[in-house]
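# A structural walkthrough
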Amino acid sequence: MKITYYKLKIFIDSNILITPPENRYCINVSDLRKEYGQKKIALDRISFTVEYGKVFGFLGPNGAGKSTTIKILTTLLNPTSGSVHIFGKEITKHGLEIRKRIGVISQHPSSENNLKVEKALDLYGLLWGIGKQKRKEKVKELLDAFDLQEIRNTKNDELSIGQKRRVQLAREFIHDMKLLFLDEPTIGLDPSARRMLLDYIKSQVKKGLTVFFTTHIMEEAEYLCDEIAIINKGKIIAFDTPNGLKHKYNGKNIIDIKVKDIAAKTILPVINTIAFDDQVEVDSENSFQIKSFNSQQVITQIMEIFSKNKINIESITIKSPSLEEIFLDMVNNKK
Ligand SMILES: Nc1ncnc2c1ncn2[C@@H]1O[C@H](COP(=O)(O)OP(=O)(O)OP(=O)(O)O)[C@@H](O)[C@H]1O
Ligand SMILES: [Mg+2]
């Protein structure tokens, strides 16, 4: 009989769970809490899992707890309580073993300033114990993939911020790894460098890499991530696929109305009587936006009132919210 290990959970008592080594999850975080000092709770009992071969997006506003989570998961920081398993192994007991199989690109840039780009990549490969021939091939691949050929003989401290970031990113891909953590990797990159990185990550995921990725940029999350967790003030407030998140908000639509020959703020009181349950905002001098779960009904009533009062409409558009709008709505409503 074939036993599927990840389904095998043995409880000895209510507090102890023995997880078999062939764990289904690459990352398994349970009840993780981090306090800085006595008062600052940076992570408030968060739990989530990431399956092998997936890209997990960790989204949240400034100070939400994203970097703290990455630091704990990469064994740079000790948790206050809770447990973290990476590759099925508990991080506080197997730190060294885990560090050998992961890559980390931290939020803060780092580079060897007086080394030329190509040399810096080669040296990093050497530090990881990669043989000469393999290093040569890998450095070439990365110089191409990150568009660094032209600057391969330039010293790091003579590079622009975006170029330095590209070198920092390329460098981490020099060694083989099973899991890569990226903390806001696209900051400082122009749109084409950003796309280049995301596509390179995708190509590595196809080869089996698992990725934990933090960002503020929703299009990136949508482009890259299989699953998303939204964290705010140390708590996870949503966990879903990008499409799943959108479906949850499906009922809520955004109506943009532009009027003619009249200032939007003068008709705001009328709009408010129709859409009293909804969020209404004046966008510009002659347009306003309504976020509503009853968009069809709201539009019908607005048309009737406008027609009675001879208010001319220049345009009406109705759309479902983007991931960015959902993110802002969630974070703002939990404040
Ligand atoms: N070393 C530290 N000592 C005390 N408090 C800290 C420390 N590092 C982070 N914090 C606090 O913990 C909270 C979470 O910080 P963290 O850096 O994890 O946020 P973040 O989500 O990465 O934010 P950002 O998007 O700005 O990078 C913040 O309130 C921050 O002030
Ligand atoms: Mg951070």
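Residues numbered from 1 in each chain as written. Chains lettered and ligands numbered in written order. Predicted model: local features only at pLDDT ≥ 70, side-chain atom pairs only at ≥ 80, totals over all residues. Heavy atoms only, no water.

Below, the discussion takes up the confidence of the model for the protein. Note that predicted coordinates carrying low pLDDT should not be read in detail. The pLDDT averaged across the protein works out to 86; a share of 92% of its residues lies at or above 70. The model gives residues 1–22 a pLDDT under 50, and that stretch makes 15 contacts with residues more than four places away or in other chains. (pLDDT = per-residue confidence, 0-100. Contact = heavy atoms within 4.5 Å.)

Once that is clear, we can look at helix α5 (residues 161–172). Note: α-helices contain 3.6 residues per turn, so residues at a spacing of three or four share the same orientation. An ideal rise of 1.5 Å per residue puts 16 Å on twelve residues; α5 measures up with 17 Å between its terminal C-alpha atoms. Within α5, nine of the twelve residues are buried, which leaves it mostly tucked inside the rest of the structure. Those residues of α5 that fall on the buried side of the exposure criterion are G162, R165, R166, V167, Q168, L169, A170, R171 and E172. Of the surrounding secondary structure, the elements contacted by the buried residues of α5 are β8 (102–105), α3 (117–127), α4 (132–145), β9 (179–183) and α6 (191–206). (Helix = DSSP H or I, 4+ residues; strand = E, 2+ residues; numbered from the N terminus. Expected span 1.5 Å × (residues − 1). Buried < 20%, exposed > 50% of the residue type's maximum accessible area, 1.4 Å probe, protein only.)

Further remarks concern the sheet that holds strand β13 (residues 253–260). The sheet built from four strands is open, its strands ordered β14-β15-β13-β16 with antiparallel pairing. The strands lining the two open edges of the sheet, one partner per strand, are β14 (279–284) and β16 (312–319). Shown here is a sheet whose adjacent strand axes are inclined to one another by a mean of 20 degrees, direction ignored. In terms of strand pairing, β13 meets β16 through seven bridges, oriented antiparallel. Of the residues in β16, the one forming a bridge with I257 is I316. With respect to the sheet, helix α9 (residues 264–274) is in contact with β13, β14 and β15 (287–292), its orientation differing from that of β14 by roughly 165 degrees. (Pairing = 2+ DSSP bridges. Axes fitted to C-alpha atoms, helices over the stretch in contact; angles between N-to-C directions.)

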